[in-house]
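Structure at a glance
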Amino acid sequence: LSKAMDTAIHTLTEAGLAIQRDYVPALNREMSDILSMITDKRYSDLKADDSLTLKLQPPEGVQEVFPDQLSSGTMDQVYFALRLAAVRLVEKKGERLPLFLDEPFAQYDEERARKALLLLAQESKNRQILLFTCKKREVELVTELFQDEPPRILYLNDTSGVFPEQ
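Of the strand pairs in this sheet, strand 3 (residues 99-102) and strand 4 (residues 129-132) are connected by four bridges, and their pairing is parallel. In the strand pairing of strand 4, aspartate 102 is matched with phenylalanine 132.

Here it is as structure tokens:
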């Protein structure tokens with residue numbers, strides 16, 4: 001039994017190291033590409049280490065920073081990049097997963113919200129995206145940017161079909 005346990009532990013450890021070796025570099029590339037696009041190349045070097053701790057290389061500094069050292073808007077963009085990159089990598093060569101987003105752009109400025117939604121417009125060609133928001137800005141941007149295939153917009157708690165004033 002002890003020999004079987006040692007073999008199982010060794011096999012699981014090797015599998016975990018292989019996943020880290022293969023997955024983390026691919027995750028870093030995907031996250032960096034996504035964040036670079038959203039931030040207009042201001043932030044283009046986002047990395048997760050072997051324990052999946054995120055660090056970002058800011059353009060004006062030589063020292064990496066953790067996401068919680070950034071503005072709340074940039075921090076949200078880092079975590080959006082992580083979520084989207086992880087979904088892309090999990091489904092490689094597999095079935096496309098839907099993407100559920102609840103107020104992901106609440107702290108984005110206008111330009112970064114636009115860029116993130118442009119990215120989602122491209123993503124929507126390959127996957128279903130459900131975006132929940134209470135912001136009129138996001139509804140207007142989605143309506144403008146998703147012209148190839150107009151989105152279906154549902155207004156919850158409102159029977160008029162008109163976006164409630166904020």
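A few words on the pattern of salt bridges. Scanning the entire structure with this criterion turns up ten salt bridges. For aspartate 45, the salt bridge is made with lysine 47, and the minimal N-O distance between the two is 2.5 Å. In this structure aspartate 45 comes out as partly exposed when scored by relative accessible area, which is 26%. Exposure remark for lysine 47: the relative accessible area of 36% places this residue in the partly exposed category.

This part takes up the packing of aromatic side chains. As enumerated under the stated definition, the model contains two aromatic pairs in all. Centre to centre, the rings of phenylalanine 80 and phenylalanine 105 are 5.6 Å apart; their planes meet at 65°, and the pair counts as edge-to-face. Pair noted here: phenylalanine 80 is in helix 2 (residues 72-90) and phenylalanine 105 is in the loop between strand 3 and helix 3 (110-123), with a separation of 25 residues, a long-range link. Among the residues examined, phenylalanine 80 registers a relative accessible area of 1% and is labelled buried. Both rings, one in phenylalanine 105 and one in tyrosine 108, keep their centres 5.0 Å apart while their planes meet at 65°; by these two values the pair is edge-to-face. Each member of the pair, phenylalanine 105 as well as tyrosine 108, is classed as buried.

On the surface, Phe100, Phe132, Leu154 and Leu156 cluster together to form a nonpolar patch covering roughly 500 Å² of accessible area. With respect to the helices, strands and loops of the structure, phenylalanine 132 is situated in strand 4.

Parameters and conventions
Residues numbered from 1 in each chain as written. Predicted model: local features only at pLDDT ≥ 70, side-chain atom pairs only at ≥ 80, totals over all residues. Heavy atoms only, no water. Pairing = 2+ DSSP bridges. Helix = DSSP H or I, 4+ residues; strand = E, 2+ residues; numbered from the N terminus. Salt bridge = Lys/Arg side-chain N within 4 Å of Asp/Glu carboxyl O. Buried < 20%, exposed > 50% of the residue type's maximum accessible area, 1.4 Å probe, protein only. Phe/Tyr/Trp six-rings, centres within 6.5 Å; stacked < 30°, edge-to-face > 60°. Patch = residues over 30% accessible without salt bridge, like charges linked within 9 Å, V, L, I, M, F, W, Y side chains within 5 Å. Areas by Shrake-Rupley, 256 points an atom, 1.4 Å probe, with all protein chains shown as cover.

Function cannot be read off these values alone, since they describe shape.
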